[in-house]
Each structure stands twice: as structure tokens, then as C-alpha cells.
Amino acid sequence: MKVLVIAAHPDDEVYGMGGTIAKLSGQGHEVHVLIVTDGCTAQYAGRSDLPEIIEKKRAEAQEAGRILGVKEVRFGPFPDMRLDTVDHVEVNRVIERAVNDIRPDVVYTHFYGDVNLDHQMVYRSTLVAVRPVPGQCVKEVYCYRVPSSTEWSPQLAQTAFLPNVMVSIAGFEEAKEQALLAYQTEARPYPHPRSAQYVRETDRACGLQWGQGSSEVFMLLRKLM
């Protein structure tokens, strides 16, 4: 099985579903990651060494992918925190190119209700790229949640993350944590949602809700059988 994980920023893929990526690759599935923006231009605006920071972030993404067993990490050309200023068709094109090249069976993308606008834009463009036209290779589409974005949206009907798929990541917690630590530029001290301890505790609490050990949860959008 081929899997494509689409993320707006470097590290979203690990915070959102690093354990599941490690599990899928460990089961012999071919996992690809597409990161749509550089993840740096807003956070480090005005820095003279911005190109070096972007390259460092990409190197961190590659290292995280190596730890999780990802076959390939691709990068889009867009600045972060500005996807709402990019023509929708341009974002579509980057994701469509990845889908056409990889021909994935399964696609994971951001949740449409995330507080981060880049996440929303990536979700919308993903739906365009995987629309169920005749010959579409993608048979399953899921949303994953990202700490410090998904849970920060108002818990209203239109923005509440309502998972209907649970994946046990027992045995893959260490790989996820090591991949998180590879993103040195993004690590925050506990209890910030982007700290390793917060993620560990959230994954454990999530599993307890489902009668399992550490788990990651998803919203299934479509499954063709």
C-alpha cells in the first residue's frame, strides 16, 4: 500500500501522526510525506540567514522521516502562514503533482477546523487533488489532528474534531518522540502542546478513551471499497 501524508509545515506530520507513520512503514507500506510550505518565513521574518534556516528545517524533516521509515519527503515552494494569499489553484497543483507521481492508495491531510489557516488551505486543496473522478487512485482519505491547532479551535459543530478511527501506536512511541526531537527548531518546554511530554500524555489519554494504550486518532472522510 502507498500512503501520502500531506502537511502544511515541517513537523505537522510528526505531531499529528508520527506513531502511525512509523507503524505503517514498519508493516511494509510505502509512506511519502509532502510538506507544502517552508515553515519558516513568518517565524523568522527579516532574518538575513532565512535561507539557511529553511535548509535546516528541511534537514530536520528529512531526519524525522528517516526515523519514521518514510520513503520520501517532498517540499512545496510556498511561504508559511501565507497560504491564504496564494492562488488556490497553485496549492492544488503542488498536491495534485504529488498524488499523480506517487499514486497513493491512502491520503492523510489536515483537519478543516484547525485554527491555523494554512492547515485549512491544505485541507481544501487536498480535497481537490483526491476528488473521486473515474480512475482516482486514492481510495481512503483521513484528517489528522495537530497539537496547538486542532484543539485550539472552538468546540462547535463545524470546528470540533470528531475522530472515528483509532490507531494504536504501542511500540512506536519512541520512534515518534525521536522524530519530534529531530525538529530542534520547533521544540517547546512542557506544558506547551508542542513538547514531547505533552504529546506523550495526549496519546496515552487518547488511547484510554478507546480502551487501548497510546493511540492516534483520525477522521475518515472517504473510503472506497
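Above this text sits the structure in question.
Residues numbered from 1 in each chain as written. Predicted model: local features only at pLDDT ≥ 70, side-chain atom pairs only at ≥ 80, totals over all residues. Heavy atoms only, no water.

### Describing the sheet that holds strand β7 (residues 215-223)
The test is simple: Any two strands with at least two DSSP bridges between them are considered paired. Only DSSP runs of H or I covering at least 4 residues are called helices, and only runs of E covering at least 2 are called strands; the numbering of each starts at the N terminus. Think of each axis as a best-fit line through the C-alpha atoms, taken over the contacting stretch in the case of a helix, with angles from 0 to 180 degrees between the N-to-C directions. The contact criterion used is simple: two residues touch if any of their non-hydrogen atoms lie within 4.5 Å.
Read across the sheet, seven strands follow the order β3-β2-β1-β4-β5-β7-β6 without closing on themselves; strand pairing throughout is mixed. Across the chains shown, the open sheet's two edge strands, defined by having one partner strand only, are β3 (72-78) and β6 (165-168). Across this sheet, the average inter-strand angle for adjacent strands is 25 degrees, counted without regard to direction. In the packing of helix α2 (residues 50-68) onto the sheet, the strands contacted are β2 (30-37) and β3, and the crossing angle to β3 comes to about 155 degrees.

### Some points on the side chain of His9
Convention followed: Between N or O atoms, a polar contact is any pair within 3.5 Å; within protein, one atom must be a potential hydrogen donor and the other a potential acceptor, and residues adjacent in sequence are included only when both atoms are from side chains.
Here His9 lies in the loop between β1 (2-7) and α1 (12-26). A polar side-chain atom of His9 sits 2.8 Å from a polar atom in the side chain of Asp118. In contact with His9, not counting residues within four places along its chain, are Ile35, Thr37, Gly39, Asp80, Met81, Asn116, Asp118 and His119.

### Section: the packing of aromatic side chains
The condition that has to hold: Two rings belonging to Phe, Tyr or Trp (six-membered ring only in the last case) form a pair when the distance between their centres is within 6.5 Å. Interplanar angles under 30 degrees mark stacking, angles over 60 mark edge-to-face geometry, and anything in between is tilted. Exposure is judged per residue with a 1.4 Å probe applied to protein chains only, and the accessible area is read against the type maximum: over 50% gives exposed, under 20% gives buried, and values in between give partly exposed. In our convention, an over-ring charge means Lys NZ or Arg CZ found within 6 Å of a ring centre and within 35 degrees of that ring's normal.
Inspection of every chain in the model, using the stated rule, returns six aromatic pairs. When the ring of Tyr112 is compared with that of Tyr123, the centres are 5.3 Å apart and the planes differ by 55 degrees; the resulting orientation is tilted. With a gap of 11 residues between them, Tyr112 in the loop between β4 (106-110) and α4 (117-129) and Tyr123 in helix α4 connect regions that are remote in the sequence. Classification of Tyr112 as partly exposed rests on a relative accessible area of 29%. Of the residues examined, Tyr123 reaches a relative accessible area of 13% and is grouped as buried. Cluster of aromatic residues (ring-pair linked, three or more members): Phe111, Tyr112, Tyr123 and Phe161. The ring of Tyr15 has Arg194 sitting right over it, with the charged end atom 4.8 Å from the ring centre.

### Notes on the packing of α2 against helix α5 (residues 173-182)
The line we're drawing: Relative orientations are named as follows: roughly parallel for angles under 35 degrees, roughly antiparallel for angles over 145 degrees, roughly perpendicular for angles from 65 to 115 degrees, and oblique for any other angle. Throughout, the ten residues Ala, Val, Leu, Ile, Met, Phe, Trp, Tyr, Cys and Pro are labelled nonpolar, Asp, Glu, Lys and Arg are labelled charged, and all others, Gly among them, are labelled polar.
One can describe the packing of α2 onto α5 by two numbers: an axis separation of 8 Å at closest approach and a directional angle of 170 degrees. In terms of orientation, α2 lies roughly antiparallel with respect to α5. Contacts between α2 and α5 involve Glu60, Glu63, Ala64, Ile67 and Leu68 from the former and Ala175, Lys176, Gln178, Ala179 and Ala182 from the latter. Of the residues assigned to the contact of α2 with α5, the class counts are six nonpolar, one polar and three charged.

### A few points about unusual backbone geometry
Looking along the chain, the bond that leaves Tyr190 and enters Pro191 is cis, with omega of 15 degrees. Its place among the elements puts Pro191 in the loop between α5 and α6 (196-209). The residue Asp11 is not glycine, and still its phi comes out positive at about 105 degrees. As for its placement among the helices and strands, Asp11 is situated in the loop between β1 and α1. The phi angle at Met81 is positive, at roughly 65 degrees, despite the residue not being glycine. Summarising the element assignment, Met81 is placed in the loop between β3 and α3 (88-102).

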